[in-house]
Amino acid sequence: FKVEVIKKEVIGLELVTAPDKTEYIKGQELDVSGAKIKVIYNDGSSKIENVTQEMCNGFDSKVLGEAEVVITYEGQNTGFNVNIVNRKVTVITTTGIFKTEYVEGQELDINGLKVIVLYNDGTNEVIDASIDMISGYDANKVGLQELRVVYGDKTTTFEIEVKAKTATEIEITAPDKTEYIEGQEIDPTGGKVRIFYNNGTSEEIALTSEMVSGYDADKIGEQTITVTYQGKTATFKVEVIKKEVIGLELVT
């Protein structure tokens, strides 16, 4: 009797397990790790095969959205879906060596401040912080301050401290009156105190009697007067002349 032997052929494919990775960032390459197919033959047998890159077509990570990747094996097809999304920032943090201590009135200095930007594709980059990224600084608010950094739609914070300004030096403009007659009280009118602070600024205020020391109304001659403000001192000179009779009047 006669028999006919025909070639063993693949008649169908089934996706057994999809790849571990099915979501991609725009520009990433296809990764079929974990994908397996069942190969079905015309004799009723089957086998499990790992999916390779060469079996796949239809993947284009430059096109956003959901797409089907087709698996082809010996003329038969099956497939799985992937989703392509844009690269986006997932989190930001700050780093670098930068100024964190300020004196009241000083401007914010972000020189050296860096921002680490982490993306959803696992990559990161370090960029220089710019002043428009920073908010929350108050140069006149003494104490700890938490500043906010914004990049895209992500935020992070860092702390700085503002310390009260202190005088480093004072200069005196002497009062209008620097010559006194024995017994007269000192008059600070017209006197000025210029105060130089440790933040690089200065201001001028009126001299007051409370700032003055070292004056003796009964001591004839030149005297050095000390002016004290916030623990800093400066001096100016006055002269006390002897009280003398300059005229007589008959009262009765």
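A. Here's a closer look at the overall build of the chain. A count of helical and extended segments in the chain gives zero helices and 21 strands. Taken over the C-alpha trace, the chain has a radius of gyration of 43 Å; the compact-globule value for 252 residues is 18 Å, which it surpasses by more than 25%. Seen through its principal axes, the chain has C-alpha atoms that stretch 175 × 25 × 20 Å. Across the 252 residues of the chain, 29% fall into the buried class.

B. Seen up close, the side chain of Q106. The topology assignment puts Q106 in the loop between β9 (101–103) and β10 (114–119). With relative accessibility at 19%, the residue Q106 sits in the buried group. At 2.9 Å, the side chain of Q106 forms a polar contact with the backbone nitrogen of V103. Excluding its chain neighbours within four sequence positions, the residues that come into contact with Q106 are K99, Y137, A139, N198 and N199.

C. Looking closely at the nonpolar core. Ranked by internal contacts, the top residues of the largest apolar core, which has 19 residues, are L113, V115, V117, M133, I134, V149 and F158. Elements represented by at least two residues in this core include exactly β8 (89–95), β10, β13 (143–151) and β14 (154–163).

D. View of the sheet that holds β13. Across the sheet, which stays open at both edges, the four strands sit in the order β9-β14-β13-β12 with mixed pairing between neighbours. The open sheet has two edge strands with one neighbour each: β9 and β12 (134–135). As judged from the three bridges shared by β9 and β14, these two strands associate in the parallel manner. Its bridge partner being in β14, Y102 is matched across the sheet by V162.

E. Quick look at the sheet that holds strand β18 (residues 202–206). Ordered by their spatial adjacency, three strands build an open sheet running β15-β17-β18, and the pairing between neighbours is antiparallel. At either margin of the open sheet sits one strand with a lone partner, and together these are β15 (167–173) and β18. Across the sheet, the mean angle separating the axes of adjacent strands is 25° when strand polarity is ignored. Where strand β17 (residues 192–197) and β18 come together, five bridges link them in antiparallel fashion. Its bridge partner lying in β18, F196 is registered against S202.

The rules behind each value
Residues numbered from 1 in each chain as written. Predicted model: local features only at pLDDT ≥ 70, side-chain atom pairs only at ≥ 80, totals over all residues. Heavy atoms only, no water. Helix = DSSP H or I, 4+ residues; strand = E, 2+ residues; numbered from the N terminus. Rg over C-alpha atoms; globule rule 2.2 N^0.38 Å. Buried < 20%, exposed > 50% of the residue type's maximum accessible area, 1.4 Å probe, protein only. Polar contact = N/O pair within 3.5 Å; in protein donor to acceptor, adjacent residues only side chain to side chain. Contact = heavy atoms within 4.5 Å. Core = buried A, V, L, I, M, F, W, Y, C linked by side-chain atoms within 4.5 Å. Pairing = 2+ DSSP bridges. Axes fitted to C-alpha atoms, helices over the stretch in contact; angles between N-to-C directions.

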